[in-house]
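Structure assessment
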Amino acid sequence: MSAVTEDGVQRASAAEAGDRGRDGEERDEDIEEDEEDGFEFGDAEEAMQCVEMAGTDAGALRGQANDYEALAARKRNALAEEQPQREGSKRPRQDELSEVEAATMFDQLMEGFGLRRKRRSKDGKKRGRKKGTKNKGSPEVIKKLGDATLLFAEEKFNEAIPILHEIVRTAPNLPDSYYLLGSIYSETGELDKAINFLMLAAYVSPKDASLWKKLIPLAKKKEDASLARHCILKAMRADPEDVDLKYLCGDMYRNLRDYQKAAEIYEQIVRIYPANIAVRKVAAQMYRECGQIDKAINLLEDYVNTQTTNIDWSVLDLLISLYLRNNAVNEALKKIEKARLQLRPQQKLPIQLQAKEVICHAYLGDVKHAEIFLRDVHLEPSKDNTDVIKELASNLETMGLHEYAVKFYLMIGNVANRNDGSLRVDHKEMGSSYVKVAECYMVLGDKRNAISYFYKAIQSMKDNIHIRLTLSSLLIDEGKTDEAVTLLSPPQNPELQSANAPDQQKPWWCDGKVKMQLAKTYYDKGNLEDFVDTIFHPILETLNVEYANRKVKSMKKLPNTVLHERVKVLGEPRPDSVFQGLRPVASPGELQKANRAKKLIEKRAASNEELKADDSRRTKQVPPIPGLLANMEHHQLVLNLCRTLALLQRYWDALQIINRTLKLGNDVLTHDSKEELRSLGAQIAYRAPDPSHGFKYVRYVVQQHPYSLSAWNSYYKVISRIEDRFPQHFKYLLRTREEKPDCIPPIIISGHRFTAISQHQSAARDYLEAYKLDPENPLINLCVGTALISLTLGFRLQNKNQCIVQAFAFLYRYLRLCGDSQEALYNVARAYHHIGLNTLAVVYYEKALAVEEDDHPIPKLPYEAGLCAQDDLRPGYCDVRREAAFNLHLIYKKSGATDLARRVLKTYCTV
């Protein structure tokens, strides 16, 4: 079932009004429509159907609508089934309907209880009324209407209603019956029914402005803004000269922030009543809000130029403000001088105009008037005077005259105080004045006074974070670091101050900016533990929240809560009203968003999406330090935190920060910062008890420098400390050997891994592969020899003697490459000793004892500096004669030469 719209035609919903706004082809509903919006009932049956609808409750209306829709659906199905039969017959039967008849019946069903709109073509439209269309009642109808009116006056509503229904049947286009029914329901408190009948009366007689006016307070009482707007515009169209309606319309547009239309309406009132100063000022303010300064000036100039006595100073003040905003300083001064000439003896300009005069002269570079104002003007304590001085000081500050701005800001305190010392303004307003004074002193370079006034401001604005941060920076610049720490540290009784804080607002000492400033102060002082305790948890929580937020699905789909909020602009459904489709009270942009949201909700519902799925979906959280990695200044703070955590041996905490920072800041961190973080991770991997957490950082170093021996040394130092099998290490070695077959270190490390698990054949295979790439490497020759000897001692090898000969061939090559060094001689002797050739072992042990080796510095990686000092090692740490002597004494002892064994131990193994 459809209902009557504001245009007098039938539409299904209120959304189409917003669709017109979206297309950008809206018509101004104020004055420019020429069409007559009245309608007439075709017959008494239509009128009675509409009366029944207006007097029916919402549930019944929806039930009737469903019945009509069901009936229309059955009719469509029946027509679809009969269509093939019609095509096969040459002549339709009498009980069959033609397509035109079916369409007509369907239109009648869809019209329901609607009204037929009377529209005339705009082309060649004739003015006036056709003859015989005036809504006149017969004498019988007039008599019944009089009886109903008497019953209404006697409050016999139940007896009056049937009579009025009978009048509707007899004279459906008579507005008085609908008006009387609306008045009856208004008296009985049935607001919806009253509005429906009064709307019928107004539409039957659209040029009767009194009917629309009667609807306006009812619509406001119902809090239906769109209906009130509609009635105001209709009433204005019916009576364009009604000033009260223009007031209502102007206020309505001002509340909608449609300042352009509001200004135009108020200007119309000014043209009717030029002496109305209040409306003229409001119109000028509306033009100012929409940026049309020239129009506002013209509107006020027309009034000011005609006044020679009894000048309205508020109008002149507003005009001067507009001149200043338009940079017309000379014009402003002319108006002030003209006003001064019109003053009576002993009369002075109002204080606001004196302040404006000071501003004008200051713009022209003349500050003498500011000094005169400070010296001669004595203001009474009042809020208006305080606002005048504040505006004056703000303008001087904007012009760069900070010295005078300070004096006027300080003058605010004097104006605000009574003679008895009590304040006329609140503490926050005084605090904001002190902040302005301090900021001016900062610009002037007077940090001492700036600190003093910031302290005054913070007494009345303790929760202001900006003041604390600025003041702490000044204190640090002045070398008062302890005061800055005290200023930023939590109070001694944080619970008490938390209770005084506003609801849903965290205390100032929990703010991320305060914690960062305090942490930087601690770090500069060298209080590393306090630095970590202050900033570690906020940064870690921020990184975790940002990491979790990235996992949350990007909200390309707006959540249903937002969509429903936007749809509210279209207004609630009006099932209890006959009239639908009233244009919502909103701007065109809001209407466009609302209509898109409505269509999206319907689309989601049609695709069986859960409407509350978005509410249960995890939403993004606000981190303690928003924009931590987006701000370049914060990167150094994160690096300092990681270094300090590593220095304090809090390795796991440092790795948490490093991991999250590298994952989140891959796009924003500089290359040097990322490299430093990875280097810290590699250091932590070597130092931490569990190096597996930092494995990826040493692996990254090797990936960047695959042929660097120092990089592979650091990698192997970390891997050798991992006791259990580490699959990531094995996979990486295999992948590296496949990608870089000429890289020797991973081959040697693989051989070491097989040696550690006693798989000597596989170890020998890897060592020999490395030997092919670098046969002159002493370490590779030593590794091949020892692997072959260990393989010989197994039980599966058949040709052991050949394998031993091959092993010693590599060992002697190793001895030659090392130049018969003490270490090489000892290794060859140890190999003979290991396979039981003690005679040859004694020869090489004695050769090793005969060589004296000097100490050499132990190679270290850059991050190993300071782990163990070289000076702590005892002299002779590179000499292996003690080891050789001990092994030699074992051979002597086994052969029975105990005296020789004792002599060797006494010579080389005693201090």
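Within an unreviewed UniProt entry, the label attached to the protein reads General transcription factor 3C polypeptide 3, and the organism entered is Urochloa decumbens.

1. A word on the overall build of the protein
Broken down by element type, the protein carries 44 helices and two strands. Taking all 911 residues of the protein together, 42% fall into the buried category. When contacts within the protein are restricted to residue pairs at least 6 apart in sequence, long-range pairs at least 24 apart make up 60% of them. Roughly 50,400 Å² of accessible area belongs to the protein as shown, and the carbon and sulfur atoms make up 49% of that amount.

2. Observations concerning the UniProt feature "repeat: TPR" (unreviewed entry) in the protein
In this numbering, the UniProt entry assigns the feature "repeat: TPR" (unreviewed entry) to residues 175-208, 243-276, 431-464 and 822-855. Here residues 243-276 runs as 79% helix and 0% strand, with 12 Å between its end C-alpha atoms. Each end of residues 431-464 is marked by a C-alpha atom, and these two atoms are 10 Å apart; helix forms 82% of the span and strand 0%.

3. Things to note about the nonpolar core
Counting 122 residues, the largest nonpolar core has Phe373 and Phe408 as the members making the most contacts within it. No other element matches the ten residues that helix α8 (residues 191-204) contributes to this core. Here Phe408 is in contact with Ala370, Phe373, Leu374, Ile389, Leu392, Ala393 and Leu396, once residues within four sequence places are set aside. Ranked by size, the runner-up nonpolar core spans 56 residues in total, among them Leu469, Tyr651, Leu677 and Ala685.

4. Brief notes about empty space enclosed by the protein
Within the structure shown, the criterion is met by two cavities of 30 Å³ or more. Taken as a whole, the largest cavity holds about 60 Å³ of empty space. Considering the residues around the largest cavity, the lining is formed by Val304, Gln307, Ile311, Leu316, Lys335, Lys338, Ala339 and Gln342. At three residues, helix α16 (residues 329-341) tops the list of elements feeding residues into the lining of the largest cavity. Looking at the lining of the largest cavity, its residues break down into four nonpolar, two polar and two charged.

5. Quick notes on the pattern of salt bridges
This structure, assessed with the given rule, holds 26 salt bridges. Of the charged contacts in the structure, one is a salt bridge between Asp653 and Arg650, with a shortest N-O distance of 3.0 Å. Taking the relative accessible area as the measure of exposure, Arg650 reaches 27% and is therefore partly exposed. Between Glu776 and Arg813 there is a salt bridge, and its shortest N-O distance comes to 2.6 Å.

6. Overview of unusual backbone geometry
Glycine aside, residues mostly have negative phi, and peptide bonds are mostly found in the trans state. Its identity as a non-glycine residue notwithstanding, Gln649 has a phi of 60 degrees, on the positive side. You can see Gln649 is positioned in the loop between α31 (633-647) and α32 (651-664). The backbone of Asp820 shows a phi angle near 50 degrees, a positive value even though the residue is not glycine. Following the sequence through the fold, Asp820 ends up in the loop between α40 (800-817) and α41 (822-835). According to the relative accessible area criterion, Asp820 is partly exposed, its value standing at 48%.

Definitions and limits used
Residues numbered from 1 in each chain as written. Predicted model: local features only at pLDDT ≥ 70, side-chain atom pairs only at ≥ 80, totals over all residues. Heavy atoms only, no water. Helix = DSSP H or I, 4+ residues; strand = E, 2+ residues; numbered from the N terminus. Buried < 20%, exposed > 50% of the residue type's maximum accessible area, 1.4 Å probe, protein only. Contact = heavy atoms within 4.5 Å. Areas by Shrake-Rupley, 256 points an atom, 1.4 Å probe, with all protein chains shown as cover. UniProt positions renumbered as here; feature names shortened; annotations may be inferred. Core = buried A, V, L, I, M, F, W, Y, C linked by side-chain atoms within 4.5 Å. 1 Å grid on protein atoms, 1.4 Å probe; cavity = no way out; pocket = protein on both sides within 12 Å on 5 of 7 lines; lining within 4 Å. Points joined across faces, edges and corners; volume = space filled by probe spheres on them. Nonpolar A, V, L, I, M, F, W, Y, C, P; charged D, E, K, R; others polar. Salt bridge = Lys/Arg side-chain N within 4 Å of Asp/Glu carboxyl O.

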